[in-house]
Amino acid sequence: MTGRLFVLDPVCALPYGHNLEAMKYFQTYFEGWERFDEVACVACRHLGEQESARAFHRLFEFYYQDLLPIPSGPHSEQVARLGHVEYGQWLDQACVADARAVFGRFGITAADRLFYPSADFYGALGLLVHLADLPAEEWPRVHLRFVGALEGGSRHYAEPRALLLALLRRRLGTGRLFISAETPVYASFLSEALSVPVSVTPYPLMSGELDWPGDDEPFTVFFPGAARHDKGFLRIAEIIGRFQEEYYEAFGETRPLRVYAQDLRPQDAAAHLRHIGQLCGLPGFHLLPDSLPTAEMRRHAARAHVFVLPYAADVYALRGSAVLMEALAFGRPVVAEGGTGFADQIRYYRAGSLCATPAEYVASLMACARTPAAALRLRAAQARHRFAVDSEAAYREWIR
Amino acid sequence: MKRLLFVDHDFHGKTRSHEFFLRLLETRFEVSYVALSPLEPFDPRALDRPCDVALLWQMDFLAPHFLARDIPTVVCPMYDGSAGLPDLHWVALRRARFVNFSYALHNAVRLAGAASLHAKYYPDPSMLPICGDFSTLRAFLWVRRPEEAIDCALVERLLGDQLDSLHLHEVPDNRAAPAGRAPRGDAPFRVTRSAWFPDRGDLDRILSDCNVYIAPRSAEGIGMGFLEAMARGMVVIANDLPTHNEYIANWVNGILIDRKRTGRFAAERFEAIGRKARLSVELGRRHWLEQQDAVLRFIDAAEPPGIAASGGLLEDFALGLVGAYQRGGQAYGAFLADNYLALGLLGERRRHARRDGVADATGGTAADRGGEAEPRSAPRAA
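The text that follows walks through the structure, step by step, so that each part is easy to find.

Residue and element names in this part refer to chain B. For T192, the position within the fold is in strand β9 (residues 190-194). Residue classification places T192 among the partly exposed residues on the basis of a relative accessible area of 34%. The contacts of T192, once residues within four sequence positions are left out, are L166, H167 and L168. Of the polar contacts made by the side chain of T192, one reaches the side chain of H167; its length is 2.8 Å.

Now for the packing of helix α12 (residues 313-327) of chain B against helix α13 (residues 329-338) of chain B. Each pair of packed helices can be summarised by the angle the axes make with each other and by the distance between the axes. Residue and element names in this part refer to chain B. Two elements in contact, α12 and α13, have axes separated by 6 Å at closest approach and are oriented at 150 degrees. In terms of their interaxial angle, α12 and α13 are classed as roughly antiparallel. On α13, the residues touching F317, G320, L321, A324, Y325 and R327 of α12 are A331, Y332, F335 and L336. Residues belonging to the contact of α12 with α13 are distributed by class as follows: 8 nonpolar, 1 polar and 1 charged.

All names here are of chain A. Spatially, β3-β2-β1-β4-β5-β6-β7 is the arrangement adopted by the 7 strands of the open sheet, whose pairing is parallel. Edge strands, defined here as strands with exactly one partner in the open sheet, are β3 (57-60) and β7 (199-200). Two strands pair when backbone bridges link them, and strand β1 (residues 4-8) and strand β2 (residues 38-44) are joined in this way by 5 bridges, in the parallel orientation. Bridging from a neighbouring strand, F6 pairs with A40 of β2. Across the face of the sheet, helix α3 (residues 84-106) comes into contact with β1, β2, β3 and β4 (113-116) while running at roughly 145 degrees to β3. Running at roughly 155 degrees to β4, helix α4 (residues 121-132) makes contact with β4, β5 (141-146) and β6 (177-181) of the sheet.

Restricting attention to buried positions, one finds in α13(B) the residues Y332(B), F335(B) and L336(B). Viewed end-on, α13(B) has its buried residues packed into an arc of 95 degrees, placing them on one side of the element.

The next point concerns the packing of aromatic side chains. Residue and element names in this part refer to chain A. Tallied over the full model, the rule gives 57 aromatic pairs over all chains. Between F30 and Y395, the aromatic rings sit 6.3 Å apart at their centres with planes inclined by 70 degrees, giving edge-to-face as the arrangement. Of this pair, F30 sits in helix α1 (residues 18-33) while Y395 is found in helix α14 (residues 373-398), placing the two residues 365 residues apart along the sequence. The exposure class of Y395 is buried, given its relative accessible area of 0%.

All names here are of chain A. This model, assessed by the stated rule, comprises 6 cavities of 30 Å³ or more. Along the wall of the largest cavity there are 14 residues; nearest its centre are F223, P224, A227, K231 and I236. Residue classes in the lining of the largest cavity are distributed as 9 nonpolar, 3 polar and 2 charged.

Reports often express the size of an interface as the amount of accessible area lost when the parts come together. Contacts between chain B and chain A engage 34 residues on the former and 44 residues on the latter. Across the chain B to chain A interface the summed buried area is about 3100 Å²; carbon plus sulfur atoms make up 53%. In this assembly, chain B and chain A are joined by 6 salt bridges. Those elements giving two or more residues to the side of chain B that touches chain A turn out to be α6 (103-111), α10 (244-247) and α11 (270-300) of chain B. Sorting elements by how many residues they give to the side of chain B that touches chain A places α11(B) first, with 8 residues. In terms of residue class, the side of chain B that touches chain A is made up of 12 nonpolar, 10 polar and 12 charged.

Reading the values: the criteria
Residues numbered from 1 in each chain as written. Chains lettered and ligands numbered in written order. Predicted model: local features only at pLDDT ≥ 70, side-chain atom pairs only at ≥ 80, totals over all residues. Heavy atoms only, no water. Helix = DSSP H or I, 4+ residues; strand = E, 2+ residues; numbered from the N terminus. Buried < 20%, exposed > 50% of the residue type's maximum accessible area, 1.4 Å probe, protein only. Contact = heavy atoms within 4.5 Å. Polar contact = N/O pair within 3.5 Å; in protein donor to acceptor, adjacent residues only side chain to side chain. Axes fitted to C-alpha atoms, helices over the stretch in contact; angles between N-to-C directions. Parallel < 35°, antiparallel > 145°, perpendicular 65-115°, else oblique. Nonpolar A, V, L, I, M, F, W, Y, C, P; charged D, E, K, R; others polar. Pairing = 2+ DSSP bridges. Arc of directions from axis to C-beta. Phe/Tyr/Trp six-rings, centres within 6.5 Å; stacked < 30°, edge-to-face > 60°. 1 Å grid on protein atoms, 1.4 Å probe; cavity = no way out; pocket = protein on both sides within 12 Å on 5 of 7 lines; lining within 4 Å. Points joined across faces, edges and corners; volume = space filled by probe spheres on them. Buried area = accessible area lost by both parts, 1.4 Å probe. Salt bridge = Lys/Arg side-chain N within 4 Å of Asp/Glu carboxyl O.

This is the structure:
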């Protein structure tokens, strides 16, 4: 055994979404290595009392209320009334205080490792400022995994990600800091910015394969994940509208088509009510709630023959997709947007097809619909196998 | 079993559009039923029945009556009745939970901060014959709302001589409303009429002969008539409002029109549209049957709103709200605005400390006000 490993995510403040799932994934994953004295999770202090996160430590303040407000009312009245500048100063102080609290509460030593599965700006800033007060030989090993989400999450700096990278460059020489990225293209970007090699660490596969739908089930297309504009919600109508026409032209109505997609949040949906209504009117289209328990997500995923990810290539230029990881884990092919950060992985592992236009999405979906289920399943299993081997090797190398 | 009080609009005694839901509830709850007229003076004693949960079918304005008594309350509003209501209406009902059959209402309720489940009902298509013959076009219209100009003249404008026949069932919802435009003697299609059927079977026989269904109202709460028509494989032509435009994808499985503006269109692909309509109901029915358990669990999970006893203040407010509602839109809106503080007691005020990063002069933020525009002057006490 070689010390403890802490999985830390200050952004984990909600009972749903990928932050909570990611922390549980990684805790279970690293416990499976049987290498650490303990694997503990440290989340935001405002994470509610979910049974699934019962053993989590709750410590961090929530630093992103002005970017991603959480409904549980995390702030004291005092903080709520600060002006912009004062609030920024409070954030700077809070993140450092929290980093010190982590070290103080858990007695962090050089034998320990700190793993941030989704490195965020204030979480990393607080840590780096605190570490600067310690001699390098007292530092734990710190593993910051960049996912392209909140590394630049601040309205109080002109270029927060650039600031973070500058602070990292100054500390990389200690040999105690290790950087990885979720996608190859982001790893290359960071490598150039930091002048060091950067590992590629997608999610390890933590879910087993899901049984393939029965032969009597409708051909089912799933647009999973919380629907947002940048995840292509508004593209679904055109893709599925055109796909339906070709599908029923080719197969007739004896083999129906079913489509699942998650709804937008109400504030995002308000400007698109008729559009969403028309989407709901398509035969076999079913709109799922914007927030779904994990078990419900798995139930719908199990019915799907293909996952579709029409994400905005500009927003996701460097970013990975946890939904892609789930598709790989579950053993489902994907049809996704080319030019995204995760397109390389889809291409390399032959996990599905890449598209740029609605016509290409339709063509890819028709190809899936025409492919015998056994062949789809085998191809997905092959992609899964290759991905699992590479992902495991990447983590073993990165966390030596 | 929990005791559920089903509070209904007395008009449904005629349409029976609530029955599918009542039967569903009876599988999980001990249901007692009461139907009220929203136009008659409200007597709270009519609702004085012991229950563990109150469910209001279209009678959303009665929710504060139950909330004020700390009774778990579920509301099933209907788009045709509640679409035009102000946001403060939903704020007043925020501690109820909602089963919405219209996506548009579902979103309005969610925006107001209440829990809502979007349910999509479909009838059982296996009970209905399919109209397969599209060699000629034969339309059916129940002239329920002649005052909305959904009548023979509209059909003639839309389809003209493409139509072979039109059957008008002339039984308006409001017999006191002005009569609609009568068919022209030289209409380009054959017109048949009825005013009464001895039994439902006669109506079914006429519908079975038709393949085009003109949705009789400009909007619907659910829309049993047009959904059954879709189940029959008929081409439904409907005004472009919910719930029509939430069940019909335009020119895929039905046709949406602007009843005031749409002119003649070519009756193309009607047979394919009719088949897609039937398919939509088959697939939708399957999903509805799967969704039923989630609906029942959602209703079962309704909790007391946790409103402290107010010495009759909130009960009086609830009574005043009903009276204002019955006096009409302007009076209702004024009542809600004038009683903003009481709404704050009835509707749980959630605190988002910094949604926009800026605290306002009062010390609160836009999020504290639940997104509602706050009155510039201090609200008058209830």
